[in-house]
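# Summary of structural features
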Amino acid sequence: MHPAIDVCLRAPTAVPDRDSVADWWPRWRDGAARAEGSAAQALLGGFDADRVGWAFAAGYQAALRALLPELPPGRVAAFCVTEDAGNRPRDIRTRITPLAAGGATIDGSKRWTTLGPESSELLVVGAMPPQAGETRPQLRVARVQVGSPGLQLLPMPETRFVPEVPHARVQLDDVHVDAAALLAGDGYERYVKPFRSIEDAHVTLAVLAYLLREARQRAWPHGVAERLCAAMALLADLATAPADAPAVHVTLAGALSQAHALYEEAGRLWAPHAQDPAAQRWQRDAALFAVASSARAQRATRAWERLQSTA
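Please read all numbers here as calculations on a predicted model, not as lab measurements.

## Some remarks on the overall build of the chain
Looking only at helices and strands, one finds nine helices and seven strands in the chain. Over its C-alpha trace the chain gives a radius of gyration of 20 Å, about what one expects of a compact globule, namely 19 Å for 311 residues. C-alpha atoms of the chain, sized along the principal axes, occupy 65 × 50 × 35 Å. The buried share of the chain, taken over its 311 residues, is 52%. For the chain, restricting intrachain contacts to residue pairs at least 6 apart in sequence, the fraction spanning at least 24 positions comes to 72%. Counting every atom, the chain has about 14100 Å² of accessible surface; 53% of that belongs to carbon and sulfur.

Take a look at the structure:
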């Protein structure tokens, strides 16, 4: 069992209310600096959350550090993939143009960048011109520091669930980065594609840890806590497993199904307490769990197809 689960079963359950990123971030930052690994960052950050929004934010930041361990824990990071047309490779219109003297310039626009308005560092996905012998652009990821000339972060409207977590439209106009800022490898295969599963595992870990704290604080039946711990133990292993392995995708699909059953159980336990602010937030934020559900189902289907083709 992951050591952080033991902490979640023993630690005090009282946590302060937090209404803004400024309230939430310092505690996650300090806890993440002490945590051993991204799964622990997600678990302990979720346990310390007073609502789903901050559990989601904790899992998201932990997932980014699983994807790119060199990201410093003291800086809010954001992954900039989605554009007006979507987030598939063919939807990416942002351009990364190499410079003869080294480095590159970036031009384009991103939307719905999670924690964008509060971020210090962006991971920007863009297309580079085709190389010799290639017929299509290659996606790359560039690390862009907030405050760089030509970079604008434009706040977007609050979402109807987890509204505390802000999003931004990112505008890049001739933003210069040095060669070291361009991450090695294909941006889609090495970063965008695996992050979908990495994020699912870490965010779910954090939300389940948040529910475990609520279960302990509210004296929900021990069976609920036991099922939460069992799902967390499985997800903690999956959080650091190879994200491109079909067996991992299949197992993750099963773990997420267990988590959704636990979300429904929590909703039933909160239902008689309609005036409780935590219950109201849970009912409001439950829509988060259905986001990208069809994409997850497609990934599981493709994983089964890959397994069957090699049987």
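Next comes the rest of the write-up.
## Notes on the packing of aromatic side chains
For the structure on display, the rule yields 12 aromatic pairs. A centroid spacing of 5.7 Å and a plane angle of 10 degrees characterise the contact between W24 and W54, whose relative ring orientation is stacked. With W24 in helix α2 (residues 21-34) and W54 in helix α4 (residues 52-67), this pair connects stretches of sequence that are 30 residues apart. Note on W24: relative accessible area 3%, which makes it buried. Judged by its relative accessible area of 0%, W54 is buried. Here the aromatic rings of W220 and W270 are separated by 5.1 Å at their centres, their planes lie at 85 degrees, and the arrangement is edge-to-face. One end of the pair, W220, is in the loop between α5 (187-217) and α6 (222-238); the other, W270, is in helix α7 (residues 246-270), and 50 residues separate them in sequence. Residues W220 and W270 agree in their burial class; the two are buried. A network of ring pairs unites the aromatic residues W220, Y263, W270, W282 and F289 as a single cluster.

## Some points on the packing of helix α1 (residues 3-10) against α5
The N-to-C vectors of α1 and α5 enclose an angle of 30 degrees; their axes lie 9 Å apart at closest approach. Between α1 and α5, the angle falls in the class roughly parallel. Seen from above, α1 lies across α5 with right-handed handedness. Of α5, the residues touching α1 (which contributes C8, L9 and R10) are A209, L212 and R216. For the contact of α1 with α5, the per-class residue count stands at four nonpolar, no polar and two charged.

## Considerations on the packing of α2 against α4
One can describe the packing of α2 onto α4 by two numbers: an axis separation of 11 Å at closest approach and a directional angle of 45 degrees. Relative to α4, the element α2 lies oblique. Crossing angle aside, the handedness with which α2 passes α4 is right-handed. Each of V21, W24, W25 and W28 in α2 lies in contact with α4, whose residues at this interface are W54, A57, A58, Q61, A62 and R65.

## Quick notes on the pattern of salt bridges
Throughout the structure, instances matching the rule amount to 22 salt bridges. Between D48 and R18 there is a salt bridge, and its shortest N-O distance comes to 2.9 Å. Taken as a pair, D48 in the loop between α3 (38-47) and α4 and R18 in the loop between α1 and α2 lie far apart in primary sequence, 30 residues in all. The class of R18 is buried, set by a relative accessible area of 1%. A salt bridge links R284 to E164; its shortest N-O distance comes to 2.9 Å.

## Quick notes on unusual backbone geometry
Notably, W112 is not glycine yet its phi reads approximately 55 degrees, a positive angle. Tracing the backbone shows W112 in strand β3 (residues 104-114). The class of W112 is partly exposed, set by a relative accessible area of 33%. For V162, which is not a glycine, the phi torsion comes out positive at approximately 35 degrees. Along the chain, the position of V162 falls in the loop between β6 (151-155) and β7 (167-177).

Parameters and conventions
Residues numbered from 1 in each chain as written. Predicted model: local features only at pLDDT ≥ 70, side-chain atom pairs only at ≥ 80, totals over all residues. Heavy atoms only, no water. Helix = DSSP H or I, 4+ residues; strand = E, 2+ residues; numbered from the N terminus. Rg over C-alpha atoms; globule rule 2.2 N^0.38 Å. Buried < 20%, exposed > 50% of the residue type's maximum accessible area, 1.4 Å probe, protein only. Contact = heavy atoms within 4.5 Å. Areas by Shrake-Rupley, 256 points an atom, 1.4 Å probe, with all protein chains shown as cover. Phe/Tyr/Trp six-rings, centres within 6.5 Å; stacked < 30°, edge-to-face > 60°. Axes fitted to C-alpha atoms, helices over the stretch in contact; angles between N-to-C directions. Parallel < 35°, antiparallel > 145°, perpendicular 65-115°, else oblique. Left-handed = near helix turned anticlockwise from the far one by under 90°. Nonpolar A, V, L, I, M, F, W, Y, C, P; charged D, E, K, R; others polar. Salt bridge = Lys/Arg side-chain N within 4 Å of Asp/Glu carboxyl O.

Function-wise, these values are silent; they only describe arrangement.
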